[in-house]
Amino acid sequence: KNATGKHNGTSTMRGDNHQRRLGRRTRRNGKQTMRMANASAAATSSSAAFSASGASLDRSLQGFGSNPLDFLVPEPKPCPLGFICSSFTDDVYPCKLVQDKAYTLFDFGGIHSGMYCPENKTTFVNCPVGHYCPDPSTKLPCPSGYFCPHKTAVPEQKCKDCPEQSTKMARAKWGDDLMIALACFLIIVYFAFLWSHWYGKRKARLRAMEERFLSADREKAIKQRERARLARIRPRLEEIAERIDAEIQKQKCNSSHAR
């Protein structure tokens, strides 16, 4: 009986311990589930808030065009004709005043002559070809009979065949004929120079050959002259040789008799 009672008590204690472990595990799982639910709810709320803020930002940027950053750059104001407008401030300067200041105050001369200030520009612009600009706010077409290159203030370069607002200088009608005649003349001069150069070299070669042949004939004539002279003096030389031999023989005979 005592053994049976001890066994029953041990089994009961083991069951209680198992129940307590199950209870602790259940409570721990419940806490984890609650934390996960709270985190999910916080993420959902933050996402909804971010979406709401993005939607409000989109609504607030709808008035700035396709680029949302356009509101950071101020819209440039139109600049009137004959004025220079600063790109950083709202200052506007009359081009005529700037031109006069450069001429009188800074002694730059007519540096701005033949320039004008079109609309929506921040600086002077050269008057284009075919136009003239008497002042910074006026651009007029070049009249017929004149040619106006870049930066023309007053038409001064005459061009008889130039129409109004001509962009290139017209040549006179006789200019083409003169250019053709000049080209033909230069071609003739060039070929004449080539021919004279070739003829001079050929003549020099012929002269060198002639001198070489003449020198050979001259040398041959000199040799023939020397042979003829030797032929003329040979008998006299032979006679002189015979006398010398006779004199030698005579001296030998005298010496032999003297002994």
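## Let's talk about the packing of aromatic side chains
Phase 1 of the analysis: Here the structure, examined in full by the defined rule, presents two aromatic pairs.
Phase 2 of the analysis: Between the aromatic rings of Y190 and F191, the centroid separation amounts to 5.7 Å while the plane-to-plane angle is 70 degrees, which identifies the pairing as edge-to-face.
Phase 3 of the analysis: Between the aromatic rings of W195 and Y199, the centroid separation amounts to 5.3 Å while the plane-to-plane angle is 10 degrees, which identifies the pairing as stacked. In this pair, W195 and Y199 both sit in helix α3 (residues 173-258), four residues apart, roughly one turn of the helix.
Phase 4 of the analysis: Look at W195 and you get exposed, because its relative accessible area is 53%.
Phase 5 of the analysis: A relative accessible area of 37% means that Y199 is categorised as partly exposed.

## Section: the nonpolar core
Phase 1 of the analysis: Core analysis: the largest hydrophobic core is formed by five residues, namely I84, C95, M115, C117 and F124.
Phase 2 of the analysis: Leave out the neighbours within four places in its chain, and I84 touches C79, D91, V92, Y93, C95, C117, K121, T122, T123 and F124.

## A short note on the side chain of T152
Phase 1 of the analysis: With respect to the helices and strands, T152 occurs in the loop between β7 (146-147) and β8 (157-158).
Phase 2 of the analysis: Residues in contact with T152, not counting those within four places in the same chain, are G114, C127, H131, Y132 and C133.

Basis of the calculations
Residues numbered from 1 in each chain as written. Predicted model: local features only at pLDDT ≥ 70, side-chain atom pairs only at ≥ 80, totals over all residues. Heavy atoms only, no water. Phe/Tyr/Trp six-rings, centres within 6.5 Å; stacked < 30°, edge-to-face > 60°. Helix = DSSP H or I, 4+ residues; strand = E, 2+ residues; numbered from the N terminus. Buried < 20%, exposed > 50% of the residue type's maximum accessible area, 1.4 Å probe, protein only. Core = buried A, V, L, I, M, F, W, Y, C linked by side-chain atoms within 4.5 Å. Contact = heavy atoms within 4.5 Å.

Without other data, these values stay purely geometric and don't point to any function.
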